[in-house]
Each structure stands twice: as C-alpha cells, then as structure tokens.
Amino acid sequence: MSNPSLLSINGVTKRFPGVLALEGVSLRLEAGEVLSIIGENGAGKSTLMKILGGVYIADAGTVAIEGKEVSIKTPADALTQGVRVIYQELSVLENLTVAANVFLGREPKKGPFLNEGKMVEDTRAILARLGSSIDPTTLVGRLSLAERQLVEIARALSMNVKILVLDEPTSSLTVEETEQLLNLIRDLRKDGVGILYISHRLDEVKEISDRVVGLRDGRNAGGLSKEEISHEGMVRLMVGRDIKRERVAHTIPADAPTMLSVAGAATLRFPESVVDLEIKAGEIVGVAGLVGSGRSELARALFGIDRFAKEPSLKVDGKEVRLRSSQDAIQAGIYLVPEDRRGAGITVAFSVKQNVSMPSLKDLKKGFSVDGEKEAAYAQEAVEKLGVKTATIETKVGTLSGGNQQKVVIGRWLMKGPKVLIFDEPTRGIDVGAKAEIYSQMRKLTDEGIAILMISSDMEEVLAMSDRVAVMREGQIMGILEGNSATEEQVMTLAVGGQL
Amino acid sequence: MTAKLKSLVGKELGIAILLILLVAISATINPNFISPNNLQNTGNLIGIYGIFSIGLGLVIITGGIDLSVGSLFALLGVMFSIWLTKSGLPPALAFFGVMFLAAGIGLAHGTLITKVKMQPFIVTLCGLLLYRGLARYIANDNTLGFGKAEGFEWLKQLSTGAFLGVPNPLWVLFVVATIMFFVLHRTSFGRYLFAVGANEEAARYAGIPSARIITIAYVLCSLLAGLASVLLGFYTNSISPSAHGNFYELYAIAAAVLGGCSLRGGEGSIIGILLGTALLQALRNMVNLLKIPSSLEFAVMGVVILLGVLADSLVRKKKA
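## What to know about the packing of helix 2 (residues 36-61) of chain B against helix 11 (residues 248-258) of chain B
Residues and elements named next belong to chain B.
Inference 1: Orientation of helix 2 relative to helix 11, taken along the N-to-C sense of each, is 70 degrees, at an axis distance of 8 Å. One way to sum up the angle between helix 2 and helix 11 is to call them roughly perpendicular. Between helix 2 and helix 11 lies a crossing of right-handed hand. Between helix 2, through Y49, F52, S53, L56, G57 and I60, and helix 11, the contact on the second element is made entirely by E249, Y251, A252, I253, A255 and A256.

## Details of the packing of helix 7 (residues 168-186) of chain B against helix 8 (residues 188-198) of chain B
Residues and elements named next belong to chain B.
Inference 1: Contact geometry of helix 7 with helix 8 gives a least axis separation of 5 Å together with a crossing angle of 65 degrees. Packed against helix 7, whose contacting residues are V183, L184, H185 and R186, the element helix 8 presents F189, G190 and L193 at the interface.
Inference 2: Of the residues assigned to the contact of helix 7 with helix 8, the class counts are four nonpolar, two polar and one charged.

## Quick look at the domain arrangement of chain A
Residues and elements named next belong to chain A.
Inference 1: Once the domains are mapped, chain A shows domain 1 (7-239) and domain 2 (258-495).
Inference 2: On a C-alpha basis, the centres of domain 1 and domain 2 stand 32 Å from each other.
Inference 3: Across the contact, 13 residues belong to domain 1 and 13 residues belong to domain 2.
Inference 4: Tallying contributions element by element places helix 8 (residues 231-239) first for the side of domain 1 that touches domain 2, with three residues.

## Some points on the environment of S351(A)
Residue and element names in this part refer to chain A.
Inference 1: Examined against the element boundaries, S351 turns out to sit in the loop between helix 11 (341-345) and helix 12 (352-357).
Inference 2: The exposure class assigned to S351 is partly exposed, which follows from the 19 C-beta atoms found within 10 Å.
Inference 3: Sequence separation between S351 and T399 is 48 residues, and the spatial gap between their C-alpha atoms is 9.5 Å.
Inference 4: Here S351 is in contact with I393, E394, T395, K396 and V397, once residues within four sequence places are set aside.

## Structural notes on helix 6 (residues 175-190) of chain A
Side chains of residues three or four places apart in an α-helix project in the same direction, reflecting 3.6 residues per turn.
Inference 1: With 16 residues, helix 6 of chain A should reach 22 Å at 1.5 Å per residue; the first-to-last C-alpha distance of 23 Å fits that figure.
Inference 2: Of the residues flanking the end of helix 6 of chain A, it is G192(A), one or two places downstream, whose phi is positive at about 90 degrees.

## Brief notes about the sheet that holds strand 15 (residues 284-288) of chain A
All names here are of chain A.
Inference 1: Within the open sheet, the six strands sit side by side as 19-22-23-15-24-25. Their pairing is mixed. Looking along the sheet, the strands with just one partner apiece sit at the ends: strand 19 (334-337) and strand 25 (476-482). Put simply, the sheet's adjacent strands are angled 20 degrees from each other on average, direction ignored.
Inference 2: Inspection of the sheet shows strand 15 paired to strand 24 (residues 468-473) by four bridges, in the parallel sense. Note on strand 24: the bridge partner recorded for V287 is A470.
Inference 3: Strands strand 15, strand 19, strand 22 (420-424), strand 23 (451-455) and strand 24 of the sheet are contacted by helix 9 (residues 295-302), whose axis makes an angle of about 145 degrees with strand 22.

Procedures and definitions
- Residues numbered from 1 in each chain as written.
- Chains lettered and ligands numbered in written order.
- Predicted model: local features only at pLDDT ≥ 70, side-chain atom pairs only at ≥ 80, totals over all residues.
- Axes fitted to C-alpha atoms, helices over the stretch in contact; angles between N-to-C directions.
- Helix = DSSP H or I, 4+ residues; strand = E, 2+ residues; numbered from the N terminus.
- Parallel < 35°, antiparallel > 145°, perpendicular 65-115°, else oblique.
- Left-handed = near helix turned anticlockwise from the far one by under 90°.
- Contact = placed C-beta atoms within 7 Å.
- Nonpolar A, V, L, I, M, F, W, Y, C, P; charged D, E, K, R; others polar.
- Domains from an automatic or database assignment.
- Buried ≥ 20, exposed ≤ 12 C-beta atoms within 10 Å, placed from the backbone.
- Expected span 1.5 Å × (residues − 1).
- Pairing = 2+ DSSP bridges.

If you want it as structure tokens, here you go:
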C-alpha cells in the first residue's frame, strides 16, 4: 500500500429519528489539500462534520487517519486525533482574553498557578504566524467576527492539528476579511494541514479548492477536480440541475406611489450621519456595504427595536408615522426579517404554527382565548403560500432547515399584509434551492405593491435582485445606483469610501 | 386532539404517579394520613401554597425569579393585622389595601427588571431583605394576630371555613387555578409569557411588548402572594415578623420546578405547578405522620426534589 490518505472516510451512515442524514458517504483528504464540500442545506455536510468532530457518532462506516482506523466518540477524541472543527457558530468565550481562549482547557502552569506570561507569548507567536498582530491580552468580546475566527484558528494551530474543518467560515465576514482568511488557508496548506472547507459561497470555493465533492440528500453526488471547478458545475453537483444566475429584468411603473420615505434618520451608532431614503411600491432597494456600516442598525430602528438618534420624518404609504416600539412599526405596516435567524427571527422551542401566529394572536381570538382552529388554519395558509417544507404545522421550528425557518419568518409577516418589508441578510446560510424560492417570493411581494428594503452582503444577490442599490458606509448612504447598470466594482468603491 | 392530550398528560404524568404512590404508602403505614381531619388540614395548606406557587410559576416561565415572596408575607401580614385590629379599617378596605400594596411591589420589581434591566435575582433578593426588615420595624418585632376576628369573621371564614366539606382555601385555589389555566394556556398573553421566556429577543422581533408582559408577570406573582398572605395570616392567626413566611418562595420554586417549569424559562404548566405543590405538602405531612424526626423535614424534601428533577432530566436525555 502506497502512502495512505491523511483522512479517509468510508461508508459513513447516520440516521436520526425519521431521517437518514448520511448514507454510505465516503471521501478522502490528502495532506496539504483543500477539499471543499458543497451541497444544499440538509444535504448532510454539517452532520458529516459533526461526526468528524465527535459531536455525533456514526451508525456505520469508518474513519481512518493516516491509514489507521480511529474511533472518534467525543470532541476530545477528535482533538487527540488532530482533527479540529470550527463551526459556524464560533465557540470563543467573549469574557476571556485571546490568550486564555487559545489555551482554554490546556493552560500552561507554573506550580499551582497559571503561567500567564507563557500563554501570552505563545499566543503572540501563533498569531504572528497567522500574520496577525492582535494583542493576546485583549478580551475576545472586543474583537470583530473575523478576528474571533482567527482566534479559533490560532487555538487549532496551538494544538498541532492535522485536519482543519471550517464550516461556513466566511458567512459573516466582509470582503477583505474573507480574502485574509483565504490567504491564511493557503499558508496552512503549505504546512501540510489538510483542510475541509464548507461554504455556500461558490466564488470562494472556486478560488481556494484543490478539489470539490458534492453531497446531495446525504449521499455522495460526485466530485470535481481542480480543472473542472466552475460555478455551473458546482451548482449542478449540488442540485442536480442548472440554476440560471441572471438578473431578472424588472421595471417599476413611473407613477408608482412612494411607499416608504425616510428623511433625516440617524441611528444610535452613527448619530452624526443622516439617512434619507425613498422606496416606491413594488421596488426592491438593496442596501450594500461592509459589515459594520450601520445597515442593520438602520433596519432595527426602522422596525422600532432601537431608538433613532435623530427622529426622522417618516412616511408609510403617505401617512406620517412615529416609531416608539416594534408595535408601532407593525401598526404602520413595516416588518423586519432579522439577520440573526435563530436568535431573533424564530423561537426554536415553538412549533411552526406558534411562530407564524405569534404576532397575530390578537386577531385569532374567540372571546378571550386563542381560537385553536383559526390559528391552525392561519398557520397552514402561511405554510402553503410560502411552500415551507415541514411535516406538520406542529413541528418544532428548530428542526427545520435554515431556508424553511426563514420562510416561517417571512410567512408570519406576509399574513399581516405588509406595506414595507425589511430583509436583513435574507439568504445567509441558506442553500441554493431555498434561496431561489425566497427570491421568487420577494418578487411576488413586490408585484403586490410591497416595498422591500434588502440588506445584503452577498454581492450577487444585491445585483440580481435590487431595482436600486444604496451603498452605506459609517451610517451614511454614499450613493444610490440603478440596479440594471450597477457593477460590483461601483458598489465596492462606494462601500470603502471612494468616488465614482 | 388525543396527541395533544397525550403530550399534556405525559409531562405531568410522572409527578402525578409519584404523588399517588406517596399518598398510598403513607396511608398504608399510617391510616391517619387519610383521616378527614388530616385531609382538611393538608387541603388548607395546599390551597394557600398553590395560590402563590402559581404566581411564582408565571414568573419562572418568563425566565425570571421572585425571591421576595416569603418576606412579602411578613410585610403584608403585618400591615393587614394593623389595618384590621389597630386602625379599624373596614375589612374589605384592608383586604384591598393588601392587594394594592402587593400590586405596587410587583410593579416595582417588573419595572426595575424590564426598564432598568436589573437581574430578577438581585431585585427580588433586595426585596427579600427589604420587606422582612420593614415588617419587623413596623411591628416593632412583636408578634401580631387577628384576635377573635370580631367584625370580620366573614373574611376569616375565607381561610378557616369549609364549603361542602372542602376547606375554603382549596376553593380559592380552584378558582385561581381555573382562571390562570385559562390565562396561561388559552390566551395570547399566556402564549407571550412562554415566548418571552423561550427567546425574549425573538419575541421582541415578533412585535411582542416583552417588557410589559414580564412586568405583568411580576405583578400577578405579587398579587397572588397578596391573596395567599391574607389566607395564611388567618390560618396561622399569629404573625411573627421575623419568621412568618420564611422560605416560602423556595417552596413555590420547588413546586414549580417539580411540576415541569424550567428555570431557563419557556416551560411549565398550571397543572404541573398544582401537582408539585400537592406533592410537597403531602411530603411534609408524611414526615409528620410517619414519625420521621421533624428535624429531617428539609432533608427529605431536598432529596425528593432532587430525585424528581433528576428523573425528569434522565427522561429528557433519553428522548433527545
């Protein structure tokens, strides 16, 4: 037998109650290779990663590292074998310093006490290797998401990993930060680390991967060699069909009324910056900008969750509106589909029905009490309208895929007859198929005369969906581009403060 | 519908079985356990404890806690006694005075927690100290009572009387529990309590006025404690400000947790809280009647609560 692969997974199967999540999946990873795993949500990528990381135990199949079969039953086992999985939800502790996070659980000691000096020096050395000058004594809570990710990677390196698994590492990174991360991955590859890379961002996958394998419905769906990797090829691998990636021509009648008009709005984070914005009925205004440019703050203020620093003159469908709470916004017909789906969008412990009906319970009453039949019919209607894939409306929403969770949040507002819908990162972490469905739903909404404000860091999405693109920087709109003619370069130029 | 019924019963079934077993065993060893006299007395206690345990359960469902209930009994009891026996207020007015004071205190808790964003534990811990201290100061550390209840016998009947052989506090609990069952499990307000407890952020983004919901939960908790304090005052007929109501908040928390409320919030039911209350009282009664040294009472209760919650965690773990 010639050199065994760094990692070989053979015939791994994992069954959950009612679902076969993985069925006989096999793959190989060589040292110094970047292997991307692509697939729609629910294809089994995360399950596979969790089996590698010791969170789940496979029902059948084997995992071998450097030709030796290993048994990974706990996250600690995975680390012992040199496997480190960095999950989408970062697991750094915000109340500890960078150095404390890097050495968490393996703190160097001096007698009975922590050897702080060594921790800080070693951390500094590892970070330097990653080309970062973050101070090891900084609290992680003060760092940006990208920096936190770097801390996670530093932690992995301090443990001598052979195999690094990155699950959607760039989903909340800015363009520059993503580029930094990709460079880092290239460096690690040179050191002989094997990297499993999971991402929905196909441009990145194309840029970084030596090979791509696809998963579909828990099974191997084939692979692409370096030369074969193309956008269309990857999409085909994931969905088994071609998805067009073109802009849908769309025009708004010139006499369409203004649905939302905001004048002189300033958010708490950027009290000196003023936003003026108008959206017509049936129009989608995309809001582009780097992370931290004040886009989400604007969305939250427009939904009444945060106060404005300066009270704007706000009109919805021609009527003057003042927002003191989200109840006021709902009253006025402004709704928000928030960025943090699991934290703010849905209540995971509630059923699909309860999530849909939550803001409408007052309208579903019989006497004092909630009318169970009315509520069920209401939720059922929303589920059918949006094509939410769920066993029943009594299913816990936390068990649905990200795309279906998002549809539940949209459905909840759709049922209330919105005038203005604000989407904050509507398709983050959602698979290609569900994305397309959400886009067509947005178009359907605008056809009914609803105005949409769509915040997105996904450039493809912004350019494909927006009738106009507003680019924000430091709480201010730097320019508004026509969706038909806007280019990625123009958007980025404005986003970083340049002139067109 | 049957599936719904099953899930509703399933959660509380374990504790119901435990309760029946406990009663059966105790009754076999000492038949006095089910003598009319003993049942009357235990029923009385279940009535009083059940009322304020429901209130604390509501707060726990929102993910909060109220540690001040026991001290509130002392303060409200002292005020009630003074208003009735010293100030000579009309009984109805004294009763509403107690409820009004209780509501005000609940409102203060809720406001500090939702508007000033203080932690419920801290706010109500300070309440625990403050109300106890005030009660002792106002009463001059003297034990107060209601004497022969001359002029307000009818009010006292609410606590010490019986109707159709069932002690009145149990009737009061029946009314309170029925109303609160409806409120918690059938109204939008009840759903909001669960929503706020399960994920306050998501509740806010769904347009639920979470601050108001949480505040109302604390007001209801204090109000039910107020109602219970009137019954308890007449029941003991002696209010020693330094001891009256000591630890009662812990009984209520224990009852709620035994009954399936999670201290993380978002879970719980009225039936569960009632079963939890009954179990705790049956346990205390058992310690008495089975001649277990009364010094062991707390130890027995501690062990049973631990076992109950342990069994629940094990069942959940198996399900997951």
